[in-house]
Amino acid sequence: MVNATRTASSNPIGSVLVVGGGIAGVQAALDLADTGYFVHLIEKTSAIGGAMSMLDKTFPTDDCAM
Amino acid sequence: MDKCIACGTCAEKCPRKVTDEYNAGLGKRKAAYVKFPQAVPLKYVIDKDHCIYFEKGKCRACEKFCPTQAVNFDDQDREFTLEVGSVILAPGFEPFDPGVYDTYSYSHPNVITSMEFERILSSSGPFEGHLVRPSDHQEPKKIAWLQCVGSRDIHHCDNGYCSGVCCMYAIKEAAIAKEHAGADLNTAIFFMDMRTPGKDFDKYYERAKAEKGVRFIRSRVHSIEPLPGTDDLAIQYVTEDGRITEEVFNLVVLSVGLQISKDTLELAEKLGVEIGDGRFAATSPFQPVQTSRTGIYVCGVFQSPKDIPLSVMEASAAAAESATLLAPARNSLTRKPPELSEKDVAAQEPRVGVFVCHCGVNIAGVVDVEAVADYAETLPGVAYVERNLFTCAQDTQDKMKQIIEEHNLNRIVVAACSPRTHEALFQETLKQAGLNKYLFEMANIRNQGSWVHMNEPEAATEKAKDLVRMAVAKVALQQPLGEMQLGVTKSALVVGGGIAGMTAALTLADQGYPVTLVERKDVLGGHGRKLYSTWDGQPVAPFLDELIKRVEAHPEITVLTKARITDVQGFVGNFHTVLDVDGQRREVDHGVAVIAVGAHSLKPDEYGYGKSDRIFLNLDLDQAIGERDERIVTARSAVFIQCVGSREPDRPYCSRVCCSHSIENALRLKKLNPDMDVYVLYRDIRTFGLRENLYKEARARGVLFIRFDLENKPVVQVASDGTLKVTVKDHVLQRPVVLTPDILTLAGAIVMRESEADELAKMFKVPVNAEGFFLEAHAKLRPVDFATDGVFVAGLAHYPKPTEECIAQAKAAASRAATVLAKDSITAGGVVAVVNKDLCCGCQGCVQCCPFGAIDYLEREGKCEVNQALCKGCGTCAATCPSEAITLLGFSHLQLYAQIDEALSA
């Protein structure tokens with residue numbers, strides 16, 4: 001298993017690259033932008049939304065995925 | 001891209017049809033296309049691989065017809081170099097391609113994947129939401145779902161894991177299909193174990209069975225055979241009692257699993273990120289979103305197979321990790337919009353400007369827009385009218401700003417499309433022109449006019465006039481709405497000192513926010529103290545000790561033990577909480593709160609629990625194994641009983657962790673003594689995700705699994721000499737099996753002590769569900785937020801879950817909390833409700849119906865009051881108030897009555 005330790009730089013860059021514009025990437029990007037970081041969100045296709053945008057409804061509430 | 005106004009002309013004119021990947025290959029799109037109607041960004045693109053111009057050097061129809069010259073054939077791929085402080089990987093999954101199952105006839109048009117079925121159900125799908133099968137577009141009468149296609153399978157593919165979502169989505173698809181086609185639709189789900197271990201999932205499953213009549217057949221189907229002479233398919237399967245049966249279906253859906261794409265694996269390799277089991281990113285349960293490379297985090301399915309809420313949770317957790325790593329650089333690269341001044345027009349007579357949009361031919365092709373514009377000029381208060389080909393186009397916005405200034409307009413109506421998509425854009429233009437953004441109204445003459453009445457142009461035109469008249473009447477009564485800024489106390493209160501609470505506290509403190517951590521007991525650690533190891537065998541104690549040490553030593557964390565909350569006042573950014581700390585009163589100001597109070601393990605009142613020292617709960621067994629207890633070391637036979645107190649009528653939920661926990665312990669016993677007979681009596685084995693490996697290993701090591709039904713639960717007898725007898729009806733043998741284990745372990749439920757949670761819930765104005773677990777704002781998209789702003793939830797208090805999910809959720813709660821603490825002020829006001837206290841009779845109907853806990857009843861005055869910082873402007877209270885004492889600003893009764901009067905005046 002991994003054993004990564006955080007080695008915080010004292011002078012880091014205040015921006016983050018988020019790879020993937022599905023629901024996870026979008027949420028990560030929003031949280032970071034809302035906490036004061038510049039976000040580069042990159043997505044392979046022409047629109048964000050990922051797999052969730054293809055779903056009709058979502059369990060267990062039957063809310064519309066869109 | 002800036003020029004595209006998404007009018008769709010390019011797609012309309014494009015002569016090339018291409019298979020539409022958004023519709024899972026079931027429909028066609030053009031080579032000039034937008035991925036889906038709600039796409040963000042809403043911009044059309046040209047598919048270079050299929051465009052006729054790129055193939056043959058001519059066509060350019062899109063370019064010719066584009067009204068805004070937005071088509072650029074010379075556009076090239078460009079390379080960017082970005083300097084970033086951290087990277088978050090959220091590349092997602094690819095649905096498994098079932099073509100490799102040579103006996104499933106996937107090439108047959110009526111054998112489809114679950115993703116294809118999603119598109120068939122969707123109103124934006126290939127059949128516009130009509131449930132028909134691909135071959136002949138006939139409505140199916142009988143549909144089958146086959147589970148575990150590309151999951152729990154190392155024969156056809158290398159996906160030994162459980163994808164964790166297919167059981168639930170299949171139930172959903174079957175239930176929704178019945179909603180589309182009517183109750184007569186015959187739906188059957190063929191499955192091995194029904195895995196519905198998430199919050200409210202089991203209830204959904206039971207409802208599908210009992211109320212919707214979805215059939216659940218426990219059988220692994222070997223093959224799907226096309227029925228000659230028809231478009232139907234025959235499925236042969238073995239029933240539970242061993243009979244071979246055949247059924248014919250009109251449509252078969254393969255519930256395909258989730259897998260990591262080759263592209264993602266290549267990306268991981270490039271980034272030096274280690275790949276683990278099942279080709280998911282390697283992580284540890286104690287650092288669930290940390291990859292093998294410092295500064296690179298992972299979330300979503302690439303971390304391990306999971307559903308939407310867990311993905312969202314991990315996304316926030318990954319954001320928290322990044323934010324912690326980069327805390328010294330916060331706000332160093334973000335930009336703030338310039339502040340704009342606003343003209344005071346409150347006392348002015350209305351001078352309404354009306355902009356009528358053609359939306360290309362979308363509106364003007366049906367509605368006589370010229371007549372609508374002429375009519376608007378006759379309406380009272382209207383000072384200016386014009387028509388635009390596309391009102392939303394950037395050049396029109398620039399022009400609108402100019403016109404507002406030139407003509408001294410103080411109210412604006414745009415007669416175009418939906419405020420849902422375009423209101424913010426126009427409001428921004430109003431702000432640029434120095435107008436209060438609320439002095440604005442949209443008349444939706446497209447969606448509610450030209451689109452729904454496309455065959456009745458005259459009626460559509462009349463309706464457009466009505467809508468414009470109503471909008472003008474409403475906006476004329478609109479007053480500028482103020483927004484105010486409220487300060488934020490930049491500190492947090494975390495309630496509960498278990499793994500979740502401590503993780504949340506550390507995550508916030510590491511970002512520089514002071515945290516008060518409140519624990520009811522005299523020590524930190526919570527449930528974690530009783531845990532022996534994580535599901536993959538890593539010891540919990542060293543991790544917990546380290547966590548406690550870090551929390552206690554952290555300069556930004558104040559730990560209060562033997563502490564309990566007695567009162568909470570205030571709201572997001574400005575809470576004031578009173579505590580009882582070992583008999584002493586203490587007060588804390590904080591901007592946010594995280595509720596992580598944990599849950600309890602059930603003390604069973606069945607299966608002889610308490611009648612023998614050889615009957616354990618899993619947590620006690622952990623300890624006994626750890627201590628090499630005599631009872632364990634000498635045991636030659638062990639039995640586990642699953643679902644003790646879970647999935648029962650009065651506790652209708654799955655406790656999520658017990659299957660893995662029992663199997664872990666079963667394996668530990670086998671390791672201790674390979675000759676020990678170990679039986680697991682279960683209802684469904686729910687080793688979701690990579691935990692499936694445990695189940696596989698247990699079977700390989702000879703652990704025996706016997707399934708039982710709720711109707712035929714095992715019977716435990718404790719003889720006077722202390723010997724145990726367990727009787728269970730074996731499903732395969734169809735007869736009772738008698739076991740005489742030396743030790744019996746009960747997989748007890750995880751429960752909330754409701755009174756405790758209720759008290760806290762009331763103080764923080766947050767809800768709990770029927771089982772006493774705290775209820776998040778949205779099951780999918782806001783899994784750690786409450787509807788009440790500034791309060792968040794993490795850990796077992798939300799729902800039973802394993803350690804790594806508690807940690808991810810705690811980090812997520814901290815991330816969400818940090819979005820509040822990062823602000824210097826919060827904006828309140830705008831479209832909010834206000835109570836006219838002179839009219840308020842204090843009935844508290846509004847307090848009851850407010851979903852955001854934004855309304856207080858002031859005991860002293862006997863009146864209600866809306867907290868503007870919490871109000872979301874939904875208007876429920878205004879509609880509920882029997883004496884019209886509540887006004888929703890921007891939607892006052894006066895305005896709504898004026899609109900209604902105008903609607904009826906035609």
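Residues numbered from 1 in each chain as written. Chains lettered and ligands numbered in written order. Predicted model: local features only at pLDDT ≥ 70, side-chain atom pairs only at ≥ 80, totals over all residues.

**Quick word on the overall build of chain A**
Part 1: Across its full length, chain A holds one helix and four strands.
Part 2: In sequence order, the secondary structure elements of chain A are arranged as β-α-β-β-β.
Part 3: When each of the 66 residues of chain A is scored for burial, the buried share is 48%.
Part 4: At a minimum sequence separation of 6, the contacts of chain A that also span at least 24 residues come to 27%. (Helix = DSSP H or I, 4+ residues; strand = E, 2+ residues; numbered from the N terminus. Buried ≥ 20, exposed ≤ 12 C-beta atoms within 10 Å, placed from the backbone. Contact = placed C-beta atoms within 7 Å.)

**Observations concerning the sheet that holds strand β28 (residues 592-595) of chain B**
Residue and element names in this part refer to chain B.
Part 1: A sheet is described by the order of its strands in space; here five strands give the open sequence β24-β23-β22-β28-β39, paired in parallel fashion. Only two strands of the sheet have a single neighbouring strand rather than two, namely β24 (557-560) and β39 (791-793). Ignoring which end each strand starts from, the neighbouring axes of this sheet average 20 degrees apart.
Part 2: Where β28 and β39 come together, three bridges link them in parallel fashion. Paired with V594 across the two strands is F792, which belongs to β39. (Pairing = 2+ DSSP bridges. Axes fitted to C-alpha atoms, helices over the stretch in contact; angles between N-to-C directions.)

**What to know about the interface of chain A and chain B**
Part 1: Taken together, the 51 residues of chain A in the interface contact 71 residues of chain B.
Part 2: Taken together, the elements giving at least two residues each to the side of chain A that touches chain B come down to β1 (15-19), α1 (23-34), β2 (38-42) and β3 (57-58) of chain A.
Part 3: With eight residues, α1 of chain A is the largest single contributor of residues to the side of chain A that touches chain B.
Part 4: Looking at the side of chain A that touches chain B residue by residue, the class counts come to 25 nonpolar, 19 polar and seven charged.
Part 5: Two elements, β1 of chain A and strand β5 (residues 86-89) of chain B, share four bridges in a ladder whose sense is parallel. Bridge pairing links L17 of chain A to V87 of chain B in β5 of chain B. (Nonpolar A, V, L, I, M, F, W, Y, C, P; charged D, E, K, R; others polar.)

**Digging into the confidence of the model for chain A**
Part 1: Predicted confidence across chain A gives a mean pLDDT of 88, with 86% of residues reaching 70 or more.
Part 2: Below a pLDDT of 50 lies the segment residues 1-7 of chain A, which in the model reaches 17 contacts outside its immediate sequence neighbourhood of four places, other chains included. (pLDDT = per-residue confidence, 0-100.)

**Observations regarding unusual backbone geometry**
Part 1: The linkage connecting F59 of chain A with the following residue, P60 of chain A, adopts the cis geometry, with an omega of -10 degrees.
Part 2: By the element assignment, P60 of chain A lies in the loop between β3 and β4 (63-64).
Part 3: Look at the link from V40 of chain B to P41 of chain B: it is a cis peptide, with omega at -5 degrees.
Part 4: A positive phi angle, near 50 degrees, is found at R152 of chain B, a position not held by glycine.
Part 5: Tracing the sequence through the fold places R152 of chain B in the loop between β8 (142-149) and α5 (166-181).
Part 6: Assessed through the 22 C-beta atoms surrounding it within 10 Å, R152 of chain B is described here as buried.

**Focus on the sheet that holds strand β16 (residues 296-298) of chain B**
Part 1: In spatial order, the strands read β2(A)-β1(A)-β5(B)-β16(B); together these four strands make up an open sheet with parallel pairing. Two strands bound the open sheet, and with one partner strand each, they are β2 of chain A together with β16 of chain B. Each strand axis lies, on average, 20 degrees off the axis of its neighbour in the sheet, ignoring direction.
Part 2: Of the strand pairs in this sheet, β1 of chain A and β2 of chain A are connected by five bridges, and their pairing is parallel. In the strand pairing of β2 of chain A, V19 of chain A is matched with I42 of chain A.

**Brief notes about the nonpolar core**
Residue and element names in this part refer to chain B.
Part 1: Core analysis: the largest hydrophobic core is formed by 252 residues, its most contacted members being I171, V594 and I595.
Part 2: Setting aside residues up to four positions removed in sequence, I595 forms contacts with V495, G496, L760, F764, F774, V791, V793 and A797.
Part 3: Y375, V385, M470 and V472 belong to the second-largest nonpolar core, a separate cluster that totals 42 residues. (Core = buried A, V, L, I, M, F, W, Y, C linked by C-beta atoms within 7 Å.)

**Some thoughts on the domain arrangement of chain B**
Part 1: Partitioning chain B into domains gives domain 1 (9-78), domain 2 (94-259), domain 3 (352-479), domain 4 (492-600 + 752-819), domain 5 (601-749) and domain 6 (830-905).
Part 2: Inter-centroid distance (C-alpha atoms) of domain 1 of chain B to domain 3 of chain B is 30 Å. (Domains from an automatic or database assignment.)

**Points about the packing of helix α14 (residues 499-509) of chain B against helix α21 (residues 803-821) of chain B**
Residue and element names in this part refer to chain B.
Part 1: Following both chains from N to C, one finds α14 and α21 inclined at 40 degrees, their axes separated by 8 Å at the closest point. Relative to α21, α14 is oriented oblique. Once α14 is placed against α21, the crossing between them reads as right-handed. In this structure, α14 contributes I499, A500, T503, A504, T507 and L508 to the contact, and α21 contributes T803, C806, I807, Q809, A810, K811, A813, A814, A817 and A818.
Part 2: Of the residues contributing to the contact of α14 with α21, the split by class is 11 nonpolar, four polar and one charged. (Parallel < 35°, antiparallel > 145°, perpendicular 65-115°, else oblique. Left-handed = near helix turned anticlockwise from the far one by under 90°.)

**So, the confidence of the model for chain B**
Part 1: Taken over all residues, the pLDDT of chain B has a mean of 95, while the share at 70 or more is 100%.
Part 2: Both confidence scores are given for the complex: pTM 0.91, ipTM 0.92.

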